[in-house]
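For reference, the chains in residue letters:
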Amino acid sequence: MIKNYFKIAFRGFWKHKLFTLINVIGLSIGIGAALVIYLIVHFDFTFDKFHKDGDRIYRVVTNFSFSGLPAYNPGVCGPLPGAVKSQVTGLDGNAPIFRLSQLNVIISGNKAIQSSFKLQDNVILTDEGYFNLFQYKWLAGSAKTSLNGPFQVVLTSDQAKKYFPSLSYDQMIGHSVVYDTIKTTVTGIVQTIKENTDLTFHDFISFSTAIANPDLKRQMSLRNWGGTSPERQLFIKLSPKTTVAHIEQQLNDILKRNNPTTPQNKDRIQKFHLQALTDVHFNENYGTFNGRIANKTTLYELFAIALFLLLLGCINFINLTTAQSAQRAKEIGIRKTMGSSRKQLIFQFLSETFFITIIAVVVSAVMAPVILKFFDGFIPEGVRADLFNQPDIILFLLVLTIVVSLLSGFYPALILSGYKPVLVLKNQTQSNKTRNALLRKSLTVTQFVIAQFFIMATVLVSKQIYYALHKDLGFKKDAIIIINSPWKNRQASRNIVFMNKLQSIPQVELVSAGRDAPISDDPHSTEGAYKDGKKEIKVEDLGLKFGDENYIKVYHIKLLAGRNLRQGDTSRVLLINNTLAKRFGFTDPRQAVGKQIDNFNGDTKMQIIGVVSDFNQESIHAAISPLAIITSTNQYFNGTFHIALKSQSSGSNDWKIAIADMEKAWKEIYPDDDFEYHFFDENIARLYANEQHTSTLLSWATGLSIFISCLGLLGLAIYTTNQRTKEIGVRKVLGATVTQIVALLSTELILLILLAFVIVTPIAWYAMNKWMQSFADHTTISWWIFAASGAGMLLAAAFTSSFQTVKAAVANPVKSLRSE
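As a starting point, this report considers the structure included with it. (Residues numbered from 1 in each chain as written. Predicted model: local features only at pLDDT ≥ 70, side-chain atom pairs only at ≥ 80, totals over all residues. Heavy atoms only, no water.)

### Side note on the overall build of the protein chain
The test is simple: A run of DSSP states H or I qualifies as a helix once it reaches four residues; a run of E qualifies as a strand once it reaches two. Both are numbered from the N-terminal end. Exposure classes here rest on a 1.4 Å probe applied to the protein chains alone. A residue is buried below 20% of its type maximum, exposed above 50%, and partly exposed in between. In this analysis, two residues are considered to be in contact whenever any of their non-hydrogen atoms come within 4.5 Å of each other. We get accessible surface area from the Shrake-Rupley algorithm with a probe of 1.4 Å; when it comes to residues, only the shown protein chains can shield them.
Secondary structure assignment for the protein chain yields 27 helices and 24 strands. Across the 820 residues of the protein chain, 50% fall into the buried class. Summarising the internal contacts of the protein chain: among those between residues at least 6 apart in sequence, 79% fall at separations of at least 24. Accessible area of the protein chain: about 39200 Å², with a carbon and sulfur share of 57%.

Listed below in structure tokens is the structure:
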């Protein structure tokens, strides 16, 4: 019987090849989108889910409040790990972590394995508690002994093969690895974690090494309860019956005893908080170890897009199947007369749907690797396209096949199997036709609502990105190159020589030494206060930039009052922006010049020598905040050079020559370091990478939704014109023109699109308005966005249906009426 069902289904598909193709394409696009998006969502939601007792593992983080302004830090103060071991109860383990960065590694031993590796990251100081919290497979050594003494190191298998490519894991034990000046001995090798994880460390140096090494001991601040650094982190594992609140209370009690509140820091509130291990990958307040933070909102938006595209494909199937129901009415009547039950008919129609869905799933699975490769820049690194080596992906496809088959096929099967044989054989199925037509219209309106929503969202996001990239940010952003001197070899004297060489390049207009550019994704901040004689005005969110006398000249930042920084200035003078001047109560920038800021960066007194115009210090998600620009005695030690290039004519290679000269100067000063540079405007564009990804995603979703909707529309137009062939012939005989016929066939379509426009416009406006609230400065939601979207959808739909309506309108009526 099953074989017979599929044989009948195949015959039906072959008979109606065009409708079958439309159904397969529509479902393939929906299922393909769902599959690719599932791979992305599954990838992010599986981070660090594999750890044993992972639900009881937490990271201790620090929350601050400065006069009510919140701040977050993933790190802890230096003495906390030691205090936790001796004073906190209810824990099954803890692991301190101190991250080291940009280490030059030297492998010493016999001549066959001597080598060096520059600027290694993912190196940490930790103890045996780390391997008790996080389970690794040991290939050599053991968790109990490998980190119980100073100057010991455990390597992951991948890193070990990198350092000692010709040795077995057992042979690596006892060899030396030197990190800058810290000489360690390899005491263990663990298997590199293959699952998705943010714990990407590969060199584990014993924590006790810090006690024996003065430089490390100073960096770790093991006795300073007042300092918090993201480099110092702490993971703990709660006992089964211990609550988060109980541990947080103990941690904060320890902090109060060792760092009590004083009159000087009464406006500064500091508290420890436990962050679940599974939250590390998603929480942008604290960040991850590898820099990439997944956004749950974006993942849910991806899921919604997949659901909508899948729904569009299913709507096409339901529309076309119910539209063809009249052609199968007699077949159903005969089958029922011959004894078929309604259950058998439902099963037959569902099997036909299942057959088409299987074809669509196969097409989607074949296309998935191609789609992943095409969107390589958008999809996170690590998303795998080898579907058949991932059992959960296969299970997802099976479930998806069943769900789509039921969603697409159940209602048509219910309608078709419900025909009464007596009425069908007498051709009396008008009530069913009316009900099916109403359903088709409702589903068609739903399709156009989804498609128009995507169009409106795409236009607005693109408009906002254009606004962000072309808005006057208060400074020059074109033709500026930024170069950072090597962190390890940074010396003021060498930087001065390099700066002089840069300034001597003919294509260079001006060079400034400082730190951050005017806008950056990691701004510095401090605090300060001004006393106007009556009251003290405190500013806790005071942004900070370091620059020399050329800084505001390079970036064309306007000086509103006072003077610029000078080469002979001390570190006790500063420039402020107009926002800070207003915050201090000055109505005119000139009033601020000469005034004094107290408690700057703690206890320093600074004099205001000038006021500059406001400019954005972060992306336009954030509002312009108070800012100070200062110089320092070690200005050239900071080692960031801001280079303004002279303008070049079209087709000129002046900038290429200038960059080549910069690299030549670099190699003369820093021969052992790689030359790297970046254009400032590219940095600004990277601030809006998420929005650009969203725009790309919406553009593709819009294109696919329009394509699926128009595909279904074409199918319905073909069916409608076929059903009305004789009516069209009669109208033409009676004198109707081609234009009148096309208008007659298109009127219903236009009304459906207009109805969809009326429904979607308030929904789209609300969603857009909510999205725009994440920007402190944004473009307007213009009326033409909605009008253009509606008109675009109308034109696309009219163009698609015109292929069939015009064909039907110009057909010879003799051919359609000759059977009469």
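After presenting the structure, the write-up continues.
### So, empty space enclosed by the protein
Which entries qualify depends on this criterion: Cavities and pockets are defined on a 1 Å grid built over the protein atoms alone: a cavity is a set of grid points where a 1.4 Å probe fits but cannot escape, while a pocket is an open set with protein on both sides within 12 Å along at least five of seven lines, and lining residues are those with an atom within 4 Å of any such point. Grid points are joined across faces, edges and corners, and a volume is the space filled by probe spheres set on the points.
Counted by the stated rule, this structure contains two cavities of 30 Å³ or more. In this structure, the largest cavity spans a volume of roughly 60 Å³. Forming the walls of the largest cavity are V76, C77, G78, P81, P96, I97, F98, F207, M220, L222, R232 and Q233. Elements with a contribution of two residues or more to the lining of the largest cavity: β3 (91–100) and β12 (232–238).

### Some details on the side chain of T444
If you trace the backbone, T444 turns up in helix α15 (residues 430–470). Exposure remark for T444: the relative accessible area of 4% places this residue in the buried category. If we skip the residues at most four places from it in the chain, T444 touches N319, L716 and L752.

### Focus on the packing of helix α3 (residues 80–87) against helix α9 (residues 244–258)
Convention followed: In this description, a line fitted to the C-alpha atoms serves as the axis of each element, helices being fitted only across the stretch in contact, and the angle between N-to-C directions of two axes falls anywhere from 0 to 180 degrees. Note that the term roughly parallel is reserved for angles under 35 degrees, roughly antiparallel for angles over 145, roughly perpendicular for angles of 65 to 115, and oblique for everything else. With the far helix as reference, a near helix turned anticlockwise by less than a right angle produces a left-handed crossing, and one turned clockwise produces a right-handed crossing. Residues are grouped as follows: nonpolar covers Ala, Val, Leu, Ile, Met, Phe, Trp, Tyr, Cys and Pro; charged covers Asp, Glu, Lys and Arg; every other residue, Gly included, is treated as polar.
It is the contact of α3 with α9, at a shortest axis distance of 11 Å, that shows an interaxial angle of 120 degrees. Between α3 and α9, the angle falls in the class oblique. Once α3 is placed against α9, the crossing between them reads as right-handed. Counting all contacts with α3, which are made through L80, A83, V84 and Q87, the residues of α9 involved are Q250, L251, I254 and R257. Residues belonging to the contact of α3 with α9 are distributed by class as follows: five nonpolar, two polar and one charged.

### Overview of a nonpolar patch on the surface
Applied cut-off: Each patch is built from residues lacking any salt bridge and having more than 30% relative accessible area; the joining distance is 9 Å for like charges and 5 Å for nonpolar side chains (Val, Leu, Ile, Met, Phe, Trp, Tyr). Salt bridges are defined as contacts in which a side-chain nitrogen from Lys or Arg sits within 4 Å of a carboxyl oxygen from Asp or Glu.
On the surface, a cluster of nonpolar side chains totalling about 320 Å² of accessible area is made up of F354, I358, V362 and V366. Structurally, I358 is set in helix α12 (residues 342–374).

### Regarding the sheet that holds strand β24 (residues 678–679)
Going by this rule: For two strands to be treated as a pair, DSSP must find no fewer than two bridges joining them.
Taken together, four strands build an open sheet; the order of strands is β15-β23-β14-β24 and the sheet is antiparallel. Of all strands in the sheet, those bounded by a partner on one side alone are β15 (508–514) and β24. With two bridges joining them, strand β14 (residues 480–484) and β24 adopt antiparallel strand pairing. Bridging from a neighbouring strand, I481 pairs with F679 of β24. Sheet strands in contact with helix α21 (residues 654–669) are β14, β15, β23 (640–645) and β24, and its direction is about 15 degrees off that of β14.

### Quick look at the pairing of strand β21 (residues 604–612)
Across three bridges, the pairing between strand β18 (residues 559–562) and β21 is antiparallel. Bridge pairing links A561 to V611 in β21. Summarising the sheet, strand β19 (residues 573–577) and β21 pair through five bridges and their orientation is parallel. Its bridge partner being in β21, L575 is matched across the sheet by G610.

### Here we look at the packing of helix α25 (residues 738–772) against helix α26 (residues 783–810)
It is the contact of α25 with α26, at a shortest axis distance of 9 Å, that shows an interaxial angle of 155 degrees. As judged from the angle between their axes, α25 and α26 are roughly antiparallel. Here α25 runs over α26; the crossing is right-handed. Residue classes in the contact of α25 with α26 are distributed as 21 nonpolar, five polar and no charged.

### Section: the environment of S405
Relative to the helices and strands, S405 is located in helix α13 (residues 391–417). Overall, the relative accessible area of 6% leaves S405 in the buried class. Separated by 52 residues in the primary sequence, S405 and T353 place their C-alpha atoms 5.6 Å from one another. In contact with S405, not counting residues within four places along its chain, are L350, T353, F354, T357 and F410.

### Observations concerning the nonpolar core
Note the following rule: Residue types Ala, Val, Leu, Ile, Met, Phe, Trp, Tyr and Cys, when buried and joined through side-chain atoms within 4.5 Å, form a set referred to as a nonpolar core.
L27, I31, I305, I379, L400 and V404 are the most contacted members of the largest nonpolar core, which totals 47 residues. Among the elements of the structure, α2 (17–45), α10 (296–323), α12, α13, α15 and α23 (689–723) are those that each provide at least two residues to this core. Among the elements that line this core, the one with the most residues is α2, at 13 residues. For I31, the contacting residues outside a window of four places in its chain are L310, T357, A360, V361, S364, L400 and V404.

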